[in-house]
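Here's the letter readout for the chains.
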Amino acid sequence: MPACAPDALPVESELTRTEVILVVDDEESFRAAVVRQLQDAGFSTIEARDGSDAIKKFAERREEITAVLLDLVMPNTPGGETLAMLRYYDSTLPVVVTSGYSEIDALRLRETERGVGFVGKPFTAAELTNELRRVIRERPPKHRHSTPPKPLF
């Protein structure tokens, strides 16, 4: 079963077409498929192969990144640790987490972290873009953290 299902119809973005999504997933073929879906929907993308790469790219390009699509299960720097670091640098950053496993950790994140969404693998382009739109629209005002981040799970 593919982790990323194609839609019958193309998905149009209702946003301004200037949104840049940082796509973080260690599976290169899956990441490429998601990038195509997002670009077809009008988003620009930046790719990261794991959490460490995502944090580096976010630090370099944070002013242009609108939201992050983050796989929860990755080697090296896991999704929860990556999310904590990204949120340390931008506490209001909209993030959609994705996983082929249980939604339990992601649902816990949605309850405790504003601006965090979830799409389970496999997902359609419509499900992904709708969830990204939702977290971007609901972005709370920015504020700075005064304590270092700790992993969320």
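Predicted model, so just to flag it, every value in this text is computed and none were measured. (Residues numbered from 1 in each chain as written. Predicted model: local features only at pLDDT ≥ 70, side-chain atom pairs only at ≥ 80, totals over all residues. Heavy atoms only, no water.)

### Examining the overall build of the protein
Step number 1: Within the protein, the secondary structure is distributed over 5 helices and 7 strands.
Step number 2: Put simply, the protein runs from its N terminus to its C terminus through helices and strands in the order β-β-α-β-α-β-α-β-α-β-β-α.
Step number 3: The long-range share in the protein, meaning contacts at least 24 apart out of those at least 6 apart in sequence, stands at 70%.
Step number 4: Of the accessible surface of the protein, which amounts to about 8,000 Å², a share of 50% is contributed by carbon and sulfur atoms. (Helix = DSSP H or I, 4+ residues; strand = E, 2+ residues; numbered from the N terminus. Contact = heavy atoms within 4.5 Å. Areas by Shrake-Rupley, 256 points an atom, 1.4 Å probe, with all protein chains shown as cover.)

### Re the side chain of Ser99
Step number 1: Checked against the element boundaries, Ser99 lands in strand 5 (residues 95-99).
Step number 2: The residues touching Ser99, leaving out its near neighbours within four places in the chain, are Asp71, Leu72, Val73, Phe118, Val119, Gly120 and Lys121.

### Digging into the packing of helix 1 (residues 28-40) against helix 5 (residues 125-137)
Step number 1: Axis separation between helix 1 and helix 5 bottoms out at 10 Å; the angle between their running directions is 70 degrees. Between helix 1 and helix 5, the crossing angle belongs to the class labelled roughly perpendicular. In this structure, helix 1 meets helix 5 at a crossing whose hand is right-handed. Contacts between helix 1 and helix 5 involve Val34, Gln37 and Leu38 on the former and, on the latter, Ala125, Leu128, Thr129 and Leu132.
Step number 2: Class assignment for the residues of the contact of helix 1 with helix 5 results in 5 nonpolar, 2 polar and no charged. (Axes fitted to C-alpha atoms, helices over the stretch in contact; angles between N-to-C directions. Parallel < 35°, antiparallel > 145°, perpendicular 65-115°, else oblique. Left-handed = near helix turned anticlockwise from the far one by under 90°. Nonpolar A, V, L, I, M, F, W, Y, C, P; charged D, E, K, R; others polar.)

### Focus: the confidence of the model for the protein
Step number 1: The pLDDT averaged across the protein works out to 80; a share of 71% of its residues lies at or above 70.
Step number 2: Taken element by element, the predicted model of the protein shows its lowest mean pLDDT in strand 1 (residues 4-5) (48) and its highest in strand 2 (residues 20-24) (98). (pLDDT = per-residue confidence, 0-100.)

### Structural notes on the environment of Ile136
Step number 1: Of note, Ile136 is situated in helix 5.
Step number 2: A residue is classified by how much of its surface remains accessible, and Ile136, at 16% relative accessible area, is buried.
Step number 3: A sequence separation of 42 residues divides Ile136 from Pro94, and the C-alpha atoms of the two residues are 5.6 Å apart. (Buried < 20%, exposed > 50% of the residue type's maximum accessible area, 1.4 Å probe, protein only.)

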